[in-house]
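Notes for the structure review
Chain residues, written in single-letter form:
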Amino acid sequence: MKRNIRYYVNNLMLFERNREWLISNIKLKYKVSYYFQIVKSYLGVIMFKNYSIKYLGKNFTYDNPATPLNLQNYPYEITNKILANMNKRPKTALDIGGNIGQFSITLKHMLGEKAKIDIFEPNKVIFPLLLQNIKGLKNIKAYNYAIGERNAKVKMYVETGRSGTASFIEENASDNKDLLNTIDIDMINSIPSYTRRKHYDIVKIDVEGYEYNVIKTLKNITMNYLFIEVSSGRSKNYLHSELFAMIAKKFGAYDIVYSSTVSKYSNTYDILLEFENKVK
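Criteria and thresholds
Residues numbered from 1 in each chain as written. Predicted model: local features only at pLDDT ≥ 70, side-chain atom pairs only at ≥ 80, totals over all residues. Heavy atoms only, no water. Pairing = 2+ DSSP bridges. Helix = DSSP H or I, 4+ residues; strand = E, 2+ residues; numbered from the N terminus. Phe/Tyr/Trp six-rings, centres within 6.5 Å; stacked < 30°, edge-to-face > 60°. Buried < 20%, exposed > 50% of the residue type's maximum accessible area, 1.4 Å probe, protein only. Axes fitted to C-alpha atoms, helices over the stretch in contact; angles between N-to-C directions. Contact = heavy atoms within 4.5 Å.

**Looking at the sheet that holds strand S6 (residues 146-147)**
Taken in spatial order, the three strands line up as S6-S8-S7 in an open sheet, and their pairing is mixed. Both outer strands of the open sheet, S6 and strand S7 (152-159), are each paired with one neighbouring strand and no more. Sheet analysis places S6 next to strand S8 (residues 180-188), joined by two bridges and oriented parallel. Residue pairing in the sheet places Ile147 in a bridge with Ile188 of S8.

What follows is the structure in structure tokens.
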């Protein structure tokens with residue numbers, strides 16, 4: 001079932017995305033040329049079923065028709081919401097829920113070749129796209145696992161063509177159950193066992209309503225900053241107060257250094273936490 005054009009126009013906040021894209025601090029050549037790239041990409045989709053676009057000077061392959069527009073959010077988000085609120089530029093990052101690499105590739109572009117980034121993305125359907133998108137980038141690695149309390153095979157809900165909404169929670173994966181499928185994914189309970197890294201300057205979590213479970217089971221790592229897309233979903237999966245209490249319990253006291261607008265009309269918001277007892 002294909003979603004119509006009106007759906008995307010009504011739900012993509014086009015004005016806001018374009019404003020953020022144009023005031024972000026990426027080079028002017030990227031800002032201007034990207035509008036041509038969007039048109040070229042959508043013509044490629046229509047004529048040749050070729051889902052790819054040139055993003056920040058690199059070929060980027062996608063599965064969701066909204067992706068070329070969504071990509072416009074990331075330069076502003078990373079520079080103005082995250083890096084601008086950190087005391088120093090991070091050298092190491094952990095991306096939990098990396099999707100097809102949007103966040104990590106943009107962060108890598110901002111930080112340069114020496115920055116080390118580890119990505120965890122459990123969805124086996126889109127993982128090949130992630131590997132393709134980070135190919136050629138140094139010091140960035142991707143792992144096809146979810147983070148949980150045990151090493152096991154578990155079920156994930158996915159909707160074909162909407163990679164960013166895959167979730168362990170059925171209501172969060174789609175508002176139409178007829179479009180949903182389930183896939184088997186691999187869950188692990190120790191990140192350092194795979195990355196050999198126990199500390200990260202920043203950890204980012206975007207897991208479509210599963211963030212409380214990830215924080216609860218996250219172990220053997222320390223961090224200076226934590227950036228979360230808090231997503232309680234279409235139904236309340238947990239109290240947000242419980243999430244922040246769990247964060248303090250696991251990683252110690254923190255300051256909120258950035259938060260996007262919290263509204264009863266939206267089920268997601270971004271928040272950046274800085275821990276008081278930072279590891280140097």
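**Looking at the packing of aromatic side chains**
Evaluation of the coordinates by the stated rule reveals eleven aromatic pairs. Consider the rings of Tyr145 and Tyr194, whose centres lie 4.7 Å apart with planes at 45°: the pair is tilted. One end of the pair, Tyr145, is in the loop between strand S5 (140-143) and S6; the other, Tyr194, is in helix H9 (residues 192-195), with 49 residues separating them in the sequence. In this structure Tyr145 comes out as partly exposed when scored by relative accessible area, which is 24%.

**As for the pairing of S8**
In regular strands, side chains alternate between the two faces of the sheet. Of the strand pairs in this sheet, S7 and S8 are connected by eight bridges, and their pairing is antiparallel. Looking at S8, one finds that Met156 is bridged to Ile183.

**Looking at the sheet that holds S5**
Strand order in the open sheet formed by seven strands is S5-S4-S3-S9-S10-S12-S11, with mixed pairing between adjacent strands. The strands lining the two open edges of the sheet, one partner per strand, are S5 and strand S11 (254-259). This sheet shows a mean twist of 20° between the axes of neighbouring strands, independent of strand direction. Here S11 runs beside strand S12 (residues 268-275); their pairing, made up of five bridges, is antiparallel. Bridging across to S12, Asp255 finds its partner in Glu274. Contacts from helix H7 (residues 127-134) reach strand S4 (116-120) and S5, with the element oriented near 175° to S5.

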